2 protein chains.
Amino acid sequence: MSTIIAQFQRTRSAAASLAMASGETRNAILRHMALLIQEKSVDILQENQKDLDQMSVDHPMLDRLKLTPERLVDLVESVISVTQLPDPAGHILSQKTLPNGLELTKITVPLGVVGVIFESRPNVTIDVAALCIRSGNAAVLRGGSDAFHTNTILVDIVHQALTQQGISTDVVYLMPTDRELVSTLLTAVKYIDVIIPRGSEALIQRVRKESLVPTIETGAGVCHAYVAESAGLKMAVEVVVNAKVSRPSVCNSLDTIVLHRSIASEFLAQVREPFTAHAVKVYADESSYAILESVGYPLLEKAAEADFGREFLDFACSIKVVDDFSEALAHIATYSSRHSEAIITSDEPEANYFLSAVDAAAVYWNASTRFTDGGQFGLGAEIGISTQKLHARGPFALEKLVTEKWIGKGQGQIR
Amino acid sequence: MSTIIAQFQRTRSAAASLAMASGETRNAILRHMALLIQEKSVDILQENQKDLDQMSVDHPMLDRLKLTPERLVDLVESVISVTQLPDPAGHILSQKTLPNGLELTKITVPLGVVGVIFESRPNVTIDVAALCIRSGNAAVLRGGSDAFHTNTILVDIVHQALTQQGISTDVVYLMPTDRELVSTLLTAVKYIDVIIPRGSEALIQRVRKESLVPTIETGAGVCHAYVAESAGLKMAVEVVVNAKVSRPSVCNSLDTIVLHRSIASEFLAQVREPFTAHAVKVYADESSYAILESVGYPLLEKAAEADFGREFLDFACSIKVVDDFSEALAHIATYSSRHSEAIITSDEPEANYFLSAVDAAAVYWNASTRFTDGGQFGLGAEIGISTQKLHARGPFALEKLVTEKWIGKGQGQIR
């Protein structure tokens with residue numbers, strides 16, 4: 001048996017001790033983690049510097065990898081905030097006595113062993129460890145090789161906090177970063193209960209293709225905002241601009257504006273200035289191209305078919321003009337990645353139809369798609385935004401790190 | 001685009017109309033299905049006979065494939081019983097107003113398009129169609145080629161019932177049985193939201209390996225009963241015999257008896273007669289072999305390592321004698337498939353520890369593992385027993401044919 005599999009087995013065995021530990025013990029581990037991060041901040045920043053030194057100064061991931069004293073403070077706050085969330089395990093979901101007298105209870109229990117594969121950001125190491133420990137789950141972490149030194153010292157801290165509460169350090173295992181070991185993780189069905197990939201589209205595709213372990217897909221967000229005939233245009237412009245420019249690199253940012261033909265000219269005239277100010281590149285369909293060209297919009301290109309259903313992750317978007325509501329719905333149904341979709345309208349029946357008919361994790365009426373986020377929804381830190389439909393949809397946070405268990409208490413019942 | 005993919009696309013489009021139909025309309029479809037099954041019973045039996053004629057008379061699947069007037073009555077009753085279950089969609093799971101005034105509601109909604117791959121039993125066709133229609137889901141069915149004529153007439157009946165209520169027949173699509181089209185289904189991530197394999201271990205393994213669509217694994221049940229030191233032996237024998245012999249071909253039947261050494265001789269002496277009467281073949285570890293040999297048990301074999309963790313699906317089981325409770329827990333943790341596990345004991349703290357520590361979909365104290373079943377649990381017909389931890393664990397029934405949707409209603413909120 002490989003040493004990795006042997007370690008998975010130890011992690012699986014150790015999981016039960018954490019699952020059966022009290023909520024108070026688990027929270028004490030988190031508080032000790034927070035304390036140690038503060039106490040060892042100089043060491044952490046030194047280890048982080050070793051990782052940074054190995055990255056070229058213009059590497060796009062440099063900023064994501066970098067820890068600073070301020071970011072460590074955020075990390076400590078994030079760990080403490082997890083202690084304040086309710087324990088998701090131990091809830092009674094249903095309880096009944098069957099006609100034969102068997103007392104049947106369905107409760108929430110920890111998932112078991114959660115595997116998380118992630119890329120450069122070292123805060124994920126602490127966030128995932130905190131969420132898993134809080135909910136009674138063991139964790140197998142596979143971080144990026146770029147962050148090796150940083151992740152190592154952070155997991156050392158987690159281990160010290162576990163030891164202080166008498167819980168085995170096997171409960172949180174940081175895997176070596178060898179690429180081929182990812183396959184070992186993805187096929188370890190006996191030891192790993194769920195795998196959550198957190199990172200690039202390529203990583204998510206690999207996990208989807210290769211994993212034999214059930215996974216939570218945290219995927220792309222191709223998000224639309226439909227500006228309807230009756231939309232208040234001031235609000236429409238505000239929401240659309242916010243959804244596009246407030247943080248274009250994240251999955252809940254806007255990708256395509258769908259405009260009712262009757263308001264297209266006026267809307268585009270009003271959006272011209274804020275979009276120009278943020279240098280938003282527009283991939284426009286024929287109708288919107290003509291309008292934007294006539295008002296002299298500087299960053300204009302004709303949309304190709306591939307610009308619809310495209311996740312831009314940048315100061316760029318596509319625009320589609322439609323003749324009616326049903327064409328808007330059809331466009332969204334075709335190109336949506338079922339993450340977050342919005343309608344801007346003053347017509348309540350139209351809004352309600354949209355909220356009901358559009359198939360997405362989150363649907364909004366007169367609000368920005370940017371709200372799809374565990375913190376915004378009041379769920380605390382999230383492991384990712386689920387874009388599939390099983391188990392969790394939308395922010396995958398502490399409350400979803402559980403499964404169910406049926407408990408039957410009898411007096412010798414047989415069937 | 002292949003014709004199959006084009007049909008998947010039509011099914012996905014049609015799904016929304018069913019999801020937005022009223023619960024009353026969906027139930028009317030089911031009632032009409034039940035009526036048509038009764039009216040067309042002669043035709044159904046004729047089509048079924050065509051399938052039976054193509055199977056050799058000693059084929060083990062013949063009985064599963066065969067429909068009879070009595071089985072059609074059961075099928076009608078099963079459809080009617082689904083109309084009496086509560087609609088799983090449209091429930092409010094949480095509702096709050098964020099500090100910025102955004103009204104956020106999480107509700108249950110249909111999954112969308114459910115793919116089910118199954119083998120000979122034609123009743124699955126009607127059960128799955130009824131469960132999906134009731135819950136507002138479209139269904140893609142891939143039945144066995146053995147049941148082609150039977151499934152075709154049954155889906156015709158479903159289509160007539162859909163048409164009568166003005167719902168597109170695309171909502172329930174019976175795929176051709178070409179083997180390679182299974183791959184088309186397993187990779188159609190754009191059109192299929194979840195796939196549920198229902199059948200042999202080989203089918204489940206293929207789905208696990210090949211599917212890019214999220215799946216619900218309905219897997220093997222390697223079930224244990226631990227007879228503890230303080231167990232009432234009369235009850236222990238009754239429960240163990242029931243769990244083993246009442247229906248050995250199903251996944252919740254008993255596979256391994258774990259015996260505390262102090263009661264092993266007496267328990268085995270008492271189980272000898274009922275096991276002999278049912279011709280239960282025993283694969284015994286060293287200790288239990290010696291005991292059973294001394295009492296002259298006729299169907300005895302020495303257990304190989306592979307007989308632990310083995311799903312027998314027959315009048316056969318393995319026996320393991322342990323020195324204490326922790327050895328019993330370790331044995332179960334190693335060999336369980338996390339389906340159903342039982343303890344027979346009169347020691348309540350021991351029972352509670354077992355119920356908490358054993359990682360399985362269903363855990364029982366002084367009751368047979370055979371209770372793990374949607375009907376027994378009061379959930380109605382089930383699509384299968386989930387042995388994985390995401391979304392559903394244990395019986396996968398109507399209540400789990402939903403996902404969540406976050407709905408945000410605002411007045412122009414931005415972030």
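The structure presented is a predicted model; accordingly, all values stated were derived computationally and were not measured.

A. Layout of the overall build of chain A. The secondary structure content of chain A amounts to 14 helices and 16 strands. Projected onto its principal axes, the C-alpha positions of chain A cover 70 × 65 × 35 Å. With 415 residues in all, chain A has 59% of them scored as buried. Counted over contacts in chain A with a minimum sequence separation of 6, partners at least 24 positions apart contribute 70%.

B. Summary view of the UniProt feature "domain: Aldehyde dehydrogenase" (unreviewed entry) in chain A. As annotated by UniProt and renumbered to match this structure, "domain: Aldehyde dehydrogenase" (unreviewed entry) occupies residues 8-279 of chain A. Helix and strand shares over residues 8-279 of chain A are 50% and 17% respectively, and the end C-alpha atoms of the span are 49 Å apart.

C. Summary view of the packing of helix α13 (residues 325-335) of chain B against helix α14 (residues 348-357) of chain B. Residue and element names in this part refer to chain B. Two numbers describe how α13 lies on α14: the axes approach to 12 Å, and their chain directions differ by 20°. Here α13 is positioned roughly parallel relative to α14, judged by the angle of their axes. For the element pair α13 and α14, the recorded crossing hand is right-handed. Counting all contacts with α13, which are made through Phe-325, Leu-329 and Ile-332, the residues of α14 involved are Glu-350, Tyr-353 and Phe-354. Residue composition of the contact of α13 with α14, by class: 5 nonpolar, no polar and 1 charged.

D. Quick look at the pattern of salt bridges. Under the counting rule described, the total for this entry stands at 40 salt bridges over all chains. For Asp-193 of chain A, the salt bridge goes to Arg-338 of chain B, with nearest N and O atoms at 3.8 Å. With one member in each of two chains, Asp-193 of chain A in the loop between α8 (181-186) and β6 (194-198) and Arg-338 of chain B in the loop between α13 and β12 (340-344) form a pair that bridges those chains. Of the two residues examined, Asp-193 of chain A and Arg-338 of chain B, each falls in the buried class. Here Asp-193 of chain A makes a salt bridge to Lys-389 of chain B, at a shortest N to O gap of 3.1 Å. Here Asp-193 of chain A, found in the loop between α8 and β6, pairs with Lys-389 of chain B, found in the loop between β14 (382-386) and β15 (394-397), and the two come from separate chains. When sorted by exposure, Asp-193 of chain A lands in the same class as Lys-389 of chain B, which is buried. Connected through salt bridges with shared partners, the residues Arg-12 and Asp-193 of chain A together with Arg-338, Asp-359, Lys-389 and Arg-393 of chain B form a single ionic network.

E. Broad picture of helix α10 (residues 233-245) of chain A. When the terminal C-alpha atoms of α10 of chain A are compared, their 18 Å separation across 13 residues agrees well with the 18 Å that a helix rising 1.5 Å per residue should span. Within α10 of chain A the residues assigned to the buried category are Leu-233, Ala-236, Val-237, Val-239, Val-240, Val-241, Asn-242, Ala-243, Lys-244 and Val-245 of chain A.

F. Seen up close, the interface of chain A and chain B. Contacts between the two partners involve 77 residues from chain A, matched on the other side by 77 residues from chain B. The junction of chain A with chain B conceals about 6300 Å² of combined surface from both sides, 53% of it contributed by carbon and sulfur atoms. Sorting the residues of chain A by area buried against chain B places Leu-390, Trp-406 and Arg-415 of chain A first, and these three jointly supply 14% of that buried surface. In this assembly, chain A and chain B are joined by 10 salt bridges. With a closest N to O distance of 3.4 Å, Asp-359 of chain A and Arg-12 of chain B form a salt bridge.

G. Geometry of the domain arrangement of chain A. When its domains are assigned, chain A resolves into domain 1 (3-217 + 388-409) and domain 2 (223-371). Each of domain 1 of chain A and domain 2 of chain A was reduced to a C-alpha centroid, and the two centroids are 36 Å apart.

H. Representation of the packing of aromatic side chains within the structure. Residues and elements named next belong to chain B. Here the structure, examined in full by the defined rule, presents 12 aromatic pairs over all chains. With a centroid separation of 6.3 Å and an interplanar angle of 70°, the aromatic rings of Phe-8 and Tyr-173 are classed as edge-to-face. Taken together, the positions of Phe-8 in helix α1 (residues 3-20) and Tyr-173 in strand β5 (residues 172-174) put the pair 165 residues apart, joining distant regions of the chain. What makes Tyr-173 buried here is its relative accessible area of 14%. Each ring, one from Phe-325 and one from Tyr-353, has its centre 6.0 Å from the other, and the planes form 70°; the classification is edge-to-face. Here Phe-325 is found in helix α13, whereas its partner Tyr-353 is found in helix α14, with 28 residues between them in sequence. Residue classification places Phe-325 among the buried positions, given a relative accessible area of 18%.

I. Molecular detail of helix α13 (residues 325-335) of chain A. Residue and element names in this part refer to chain A. Of all the positions in α13, only Phe-325, Ala-328, Leu-329, His-331 and Ile-332 are classed as buried. Seen from one end, α13 has its buried residues packed into an arc of 160°, which puts them on one side. Considering only its buried residues, α13 is in contact with β7 (223-227), β8 (254-260), β11 (316-322), β12 (340-344) and α14 (348-357).

J. Highlighting the sheet that holds strand β6 (residues 194-198) of chain B. Residue and element names in this part refer to chain B. Within the open sheet, the 4 strands sit side by side as β5-β4-β3-β6. Their pairing is parallel. One side of each edge strand has no neighbouring strand; the edge strands of this open sheet are β5 and β6. Taken over all neighbouring pairs, the strand axes of this sheet differ in orientation by 15° on average, direction set aside. Judged from the 5 bridges that link them, strand β3 (residues 113-118) and β6 form a sheet pairing that is parallel. Each bridged residue has a counterpart across the sheet, and for Phe-118 the counterpart in β6 is Arg-198. Against the sheet, α1 contacts β3, β4 (138-142) and β5, and its axis sits at roughly 145° relative to β4.

K. Seen up close, the relation of the copies chain A and chain B. Aligned on chain B, chain A shows an RMSD of 0.0 Å; the corresponding rotation is 180° and the shift along the axis is 0.0 Å. As the rotation angle and translation indicate, the two copies are arranged about a two-fold axis. When C-alpha distances to the rotation axis are compared across chain A, the minimum falls at His-391 of chain A, with a value of 1.9 Å.

L. Representation of the side chain of Thr-387 of chain A in the model. Within the element layout of this structure, Thr-387 of chain A appears in the loop between β14 (382-386) and β15 (394-397). Once residues within four sequence positions are removed from consideration, Thr-387 of chain A is found in contact with Glu-217, Thr-218, Gly-219, Ala-220, Ser-337 and His-339 of chain A.

M. Broad picture of the state of the cysteines. Residues and elements named next belong to chain B. Counted under the stated rule, the structure contains 0 disulfides over all chains. No disulfide involves Cys-132; its sulfur sits 20 Å from that of Cys-251, the nearest cysteine. Judged by relative accessible area, which is 0%, Cys-132 ranks as buried. Just so you know, Cys-317 is unpaired, no disulfide at all, and the nearest cysteine sulfur is the one on Cys-223, 12 Å from it. Looking at Cys-317, the relative accessible area reads 0%, which means it is buried.

N. Molecular detail of the packing of helix α2 (residues 23-39) of chain A against helix α5 (residues 69-83) of chain A. Residues and elements named next belong to chain A. In contact at an axis separation of 9 Å, α2 and α5 are set at 170° when each is read in the N-to-C sense. It follows that α2 is roughly antiparallel to α5 by the angle criterion. Together, Asn-27, Leu-30, Arg-31, Met-33, Ala-34, Ile-37 and Gln-38 of α2 and Leu-72, Val-76, Val-79, Ile-80, Val-82 and Thr-83 of α5 make up the contact between the two elements. Its residues placed into classes, the contact of α2 with α5 shows 9 nonpolar, 3 polar and 1 charged.

O. How the structure looks around the sheet that holds strand β16 (residues 402-413) of chain B. Reading across from one edge, β10(A)-β9(A)-β11(A)-β8(A)-β7(A)-β12(A)-β13(A)-β16(B)-β2(B)-β1(B) is the order of the 10 strands in this open sheet, with mixed pairing throughout. The open sheet terminates on both sides in strands that have one partner only, identified here as β10 (300-302) of chain A together with β1 (92-97) of chain B. Pairs of neighbouring strands in the sheet enclose a mean axial angle of 20°, with direction left out of account.

P. Fine view of the environment of Val-171 of chain B. Residues and elements named next belong to chain B. Here Val-171 shows up in the loop between α7 (148-164) and β5. In sequence terms Val-171 and Ala-367 are 196 residues apart; their C-alpha atoms lie 41 Å from each other. Look past the residues within four positions of Val-171 in its chain and what remains in contact with it is Thr-11, Ala-14, Leu-18, Asn-137, Ala-138, Ala-139 and Leu-162.

Cut-offs used in this document
- Residues numbered from 1 in each chain as written.
- Chains lettered and ligands numbered in written order.
- Predicted model: local features only at pLDDT ≥ 70, side-chain atom pairs only at ≥ 80, totals over all residues.
- Heavy atoms only, no water.
- Helix = DSSP H or I, 4+ residues; strand = E, 2+ residues; numbered from the N terminus.
- Buried < 20%, exposed > 50% of the residue type's maximum accessible area, 1.4 Å probe, protein only.
- Contact = heavy atoms within 4.5 Å.
- UniProt positions renumbered as here; feature names shortened; annotations may be inferred.
- Axes fitted to C-alpha atoms, helices over the stretch in contact; angles between N-to-C directions.
- Parallel < 35°, antiparallel > 145°, perpendicular 65-115°, else oblique.
- Left-handed = near helix turned anticlockwise from the far one by under 90°.
- Nonpolar A, V, L, I, M, F, W, Y, C, P; charged D, E, K, R; others polar.
- Salt bridge = Lys/Arg side-chain N within 4 Å of Asp/Glu carboxyl O.
- Expected span 1.5 Å × (residues − 1).
- Buried area = accessible area lost by both parts, 1.4 Å probe.
- Domains from an automatic or database assignment.
- Phe/Tyr/Trp six-rings, centres within 6.5 Å; stacked < 30°, edge-to-face > 60°.
- Arc of directions from axis to C-beta.
- Pairing = 2+ DSSP bridges.
- Least-squares fit on C-alpha atoms with pLDDT ≥ 70 in both.
- Disulfide = S-S within 2.5 Å.

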